[in-house]
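The lines below spell out each chain.
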Amino acid sequence: MLSGQLVRRLFSMASRVCLARGSPGSGTIGPVEATIRTKLEQALNPEVLELRNESGGHAVPAGSETHFRVAVVSSRFEGLSPLQRHRLVHAALAEELAGPVHALAIQARTPAQWRENPQLDVSPPCLGGSKKTRGTP
Amino acid sequence: MSGSLGRAAAALLRWGRGGLWGPGVRAAGSGGGGGGSAEQLDTLVKKDKVVVFLKGTPEQPQCGFSNAVVQILRLHGVSDYAAYNVLDDPQLRQGIKDYSNWPTIPQVYLNGEFVGGCDILLQMHQNGDLVEELKKLGIRSALLDETKDQDSK
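Calculation criteria
Numbering of residues starts from 1 in every chain and runs along the sequence as written. In the order they appear in the text, chains get letters beginning with A and ligands get numbers beginning with 1. Only residues with pLDDT of 70 or above have their local features reported here, since the model is predicted, and side-chain atom pairs are shown and tallied only from 80 upward, although totals for entire chains, interfaces and linings are computed over all residues. Note that water and hydrogens are dropped before the side-chain values are worked out from all heavy atoms of the structure. Each residue is assigned to one of three classes by its accessible area relative to the maximum for its type, calculated with a 1.4 Å probe on protein chains only: buried under 20%, partly exposed between the two thresholds, exposed over 50%. Think of it this way: any DSSP run of H or I at least four residues long counts as a helix, any run of E at least two long counts as a strand, and we number them from the N terminus. Only heavy atoms matter for contacts: two residues are in contact if any of them lie within 4.5 Å across the pair. Definition of a polar contact: a pair of N or O atoms within 3.5 Å, with one able to donate and the other able to accept a hydrogen when the atoms are protein atoms, and with sequence-neighbouring residues admitted only if both atoms are side-chain atoms. As a working definition, buried area equals the accessible area (1.4 Å probe) given up by two parts on being put together, with both sides summed. Here a salt bridge means any side-chain nitrogen of Lys or Arg lying within 4 Å of a carboxyl oxygen belonging to Asp or Glu. Pairing of aromatic rings covers Phe, Tyr and Trp, the last through its six-membered ring, and needs centres within 6.5 Å; plane angles under 30 degrees mean stacked, over 60 mean edge-to-face, and all others mean tilted. By this definition, two strands are paired if DSSP reports at least two bridges between them. As a rule, the C-alpha atoms of each element are fitted with a line to give its axis, helices using only the stretch in contact, and angles between N-to-C directions run from 0 to 180 degrees. Cysteine sulfur pairs qualify as disulfides if the two atoms are within 2.5 Å. Here Asp and Glu are counted as negative and Lys and Arg as positive; His is not counted, and neither are the chain ends. Angular relationships are summarised with four words: roughly parallel below 35 degrees, roughly antiparallel beyond 145, roughly perpendicular across 65 to 115, and oblique for the angles in between.

What follows is about helix 4 (residues 90-100) of chain B. Residues of helix 4 of chain B that are buried include every one of Leu-92, Arg-93, Gly-95, Ile-96 and Ser-100 of chain B, and no others. Of the surrounding secondary structure, the elements contacted by the buried residues of helix 4 of chain B are helix 3 (82-92) of chain A together with helix 2 (38-47), strand 2 (50-54), strand 3 (82-85), strand 4 (107-110) and strand 5 (113-116) of chain B. One side-chain oxygen of the residue at the start of helix 4 of chain B lies 3.1 Å from the amide nitrogen of Gln-91 of chain B, identifying that residue as Asp-89 of chain B. Asn-101 of chain B sits one or two positions beyond helix 4 of chain B and adopts a positive phi of about 50°.

The structure is reproduced here in C-alpha cells:
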C-alpha cells in the first residue's frame with residue numbers, strides 16, 4: 001500500500017519533469033495549448049501546472065486542440081470553494097473557452113492538497129456527442 | 001466510511017456505462033423545457049430538488065462528462081431528478097451557460113443552486129460532501145446503505 005503510493009508519487013514527479021521539458025509522448029504543443037499555459041501562469045502563478053490535450057480521444061480531426069485537462073496548483077486557491085476556484089480558471093481562459101476549447105476538465109488544488117495526491121486524473125471516454133456526430137449513438 | 005467512498009469513487013473512475021435507471025428520472029429536455037431566458041431557467045432549476053443539464057439523456061448520455069454525472073447520481077441512488085438535454089435545444093444550451101456564468105455542460109443544481117460540473121460533483125462524491133448535500137435535501141444517499149457491499153467486493 002505504502003509502496004504503491006510511493007510509486008505513484010514518483011511516477012507523477014517523473015511525468016512532471018517531462019511536462020516541464022515539453023509535451024510527453026504526443027509530439028508538438030499546439031498554439032492553443034501554449035496560450036492556455038501562458039494565461040494560467042500569468043493569472044494564477046501556479047506552483048504546478050499540468051496540461052494534457054485530450055482531444056485525441058474525441059471525435060475531432062487529428063491534431064485538434066478542443067479538449068483539455070488541467071491541474072492548477074496555486075496558493076491563490078486557499079480558502080476558496082471549488083466553484084470559486086474553477087471560476088478563476090474559467091476567467092483566465094474566457095477567450096479560449098468562448099472559442100476553440102470545447103471541454104476543459106479542471107483540478108484546482110492548493111499546494112497542500114496537491115501533495116496528498118499529485119496526479120493529473122484521466123477523463124472519462126468520449127461518447128460521441130459532438131456537433132458532427134450528433135444523433136448517432 | 002470515507003475509505004469506502006474512496007473505493008466507490010475508484011470504481012466510478014472505470015467509467016462504466018450503466019443502463020439501469022430508477023423510474024423517477026425524467027428526461028425533461030425534449031419539448032417542455034424550451035426557452036433560454038434567465039427567468040425561465042430560474043424557474044426550471046428551482047422546480048426540482050436535483051436538476052442536471054446534460055449532453056444526451058440519462059439513458060443515453062452523449063458525452064463522457066455528462067455520463068459521469070449520471071453515474072455519480074446513480075451510485076448515490078438518486079433516481080428522482082430532472083434531466084435536460086441541451087443537444088435538443090440550442091437556446092437552452094447557451095442560456096444555461098449564461099445563467100450560471102459557466103462555460104461547459106454538464107451542470108448540476110441542488111435545491112435551485114448551481115453546484116458545478118462533472119469535476120466538482122466528482123470531488124463532492126469523493127470527499128463525502130455530496131452525501132451531506134443530499135441529506136439537506138431530504139435524500140438519503142444509497143452509499144450509506146451499500147457501504148458494506150462496496151467493501152466486500
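Take the interface of chain A and chain B next. Between chain A and chain B, the contact holds 24 residues from the first and 24 residues from the second. Between chain A and chain B, the buried area comes to about 2100 Å², and carbon and sulfur atoms account for 59% of it. Ranking the residues of chain A by area buried against chain B places Arg-87, Pro-124 and Leu-127 of chain A at the top, with a combined share of 28%. Here chain A is connected to chain B by 0 salt bridges. At the junction of chain A and chain B, the tally comes to 4 residue pairs in polar contact (both at pLDDT 80 or more).

Below, the discussion takes up the packing of aromatic side chains. All names here are of chain B. Per the stated rule, a full pass over the model turns up 5 aromatic pairs over all chains. Centre to centre, the rings of Tyr-109 and Phe-114 are 5.2 Å apart; their planes meet at 50°, and the pair counts as tilted. Among the residues examined, Phe-114 registers a relative accessible area of 11% and is labelled buried.

Another aspect to go through is the sheet that holds strand 2 (residues 67-73) of chain A. Residues and elements named next belong to chain A. Reading across from one edge, 1-2-3 is the order of the 3 strands in this open sheet, with mixed pairing throughout. Of all the strands in the sheet, the pair left with one neighbour each is strand 1 (48-53) and strand 3 (103-109). For this sheet, the mean inter-axis angle between neighbouring strands, taken without regard to orientation, is 10°. As judged from the 7 bridges shared by strand 2 and strand 3, these two strands associate in the parallel manner.

In terms of burial, helix 5 (residues 118-127) of chain B is a largely internal element, 7 of the 10 residues being buried. Downstream of helix 5 of chain B by one or two residues, Gly-128 of chain B has phi in the positive range, about 90°.

Enumeration over the complete set of coordinates arrives at 0 disulfides over all chains. There is no disulfide at Cys-63 of chain B, and the cysteine sulfur nearest it, in Cys-126 of chain A, is 7.2 Å away. The thiol of Cys-118 of chain B is not disulfide-bonded; the next cysteine sulfur, from Cys-63 of chain B, is found 7.9 Å away. According to the relative accessible area criterion, Cys-118 of chain B is buried, its value standing at 6%.

Residues and elements named next belong to chain A. With respect to the element layout, Glu-65 can be found in the loop between strand 1 and strand 2. Despite its burial, Glu-65 pairs with no opposite charge; the closest candidate is Arg-37, at 10 Å N-O. A distance of 3.1 Å separates the side chain of Glu-65 from the backbone nitrogen of Val-32, its partner in a polar contact. Beyond its immediate chain neighbours, meaning those up to four positions away, Glu-65 contacts Gly-30, Pro-31, Val-32, Glu-33, Asn-53, Ser-55, Pro-100 and Val-101.

Another aspect to go through is the packing of helix 2 of chain B against helix 4 of chain B. Residues and elements named next belong to chain B. Axis separation between helix 2 and helix 4 bottoms out at 10 Å; the angle between their running directions is 85°. In terms of orientation, helix 2 and helix 4 fall into the roughly perpendicular class. Note on element contacts: helix 4 touches helix 2 through Leu-92, Gly-95, Ile-96 and Tyr-99, opposite Ala-38, Leu-41, Asp-42, Leu-44 and Val-45.

The next thing to look at is the pattern of salt bridges. Here the structure, examined in full by the defined rule, presents 8 salt bridges over all chains. For Lys-136 of chain B, the salt bridge is made with Glu-133 of chain B, and the minimal N-O distance between the two is 3.0 Å. Placement of both Lys-136 of chain B and Glu-133 of chain B in helix 6 (residues 129-136) is noted, with a separation of 3 residues, approximately one turn of the helix. Residue class for Glu-133 of chain B comes out partly exposed when judged on its relative accessible area of 28%. Taken together, the shared-partner salt bridges in this structure form one network comprising Lys-39, Glu-95 and Glu-96 of chain A.

Now for the environment of Gly-116 of chain B. The topology assignment puts Gly-116 of chain B in strand 5. The contact partners of Gly-116 of chain B, leaving out residues within four places of it in the chain, are Leu-83 of chain A together with Trp-102, Pro-106, Gln-107 and Val-108 of chain B.

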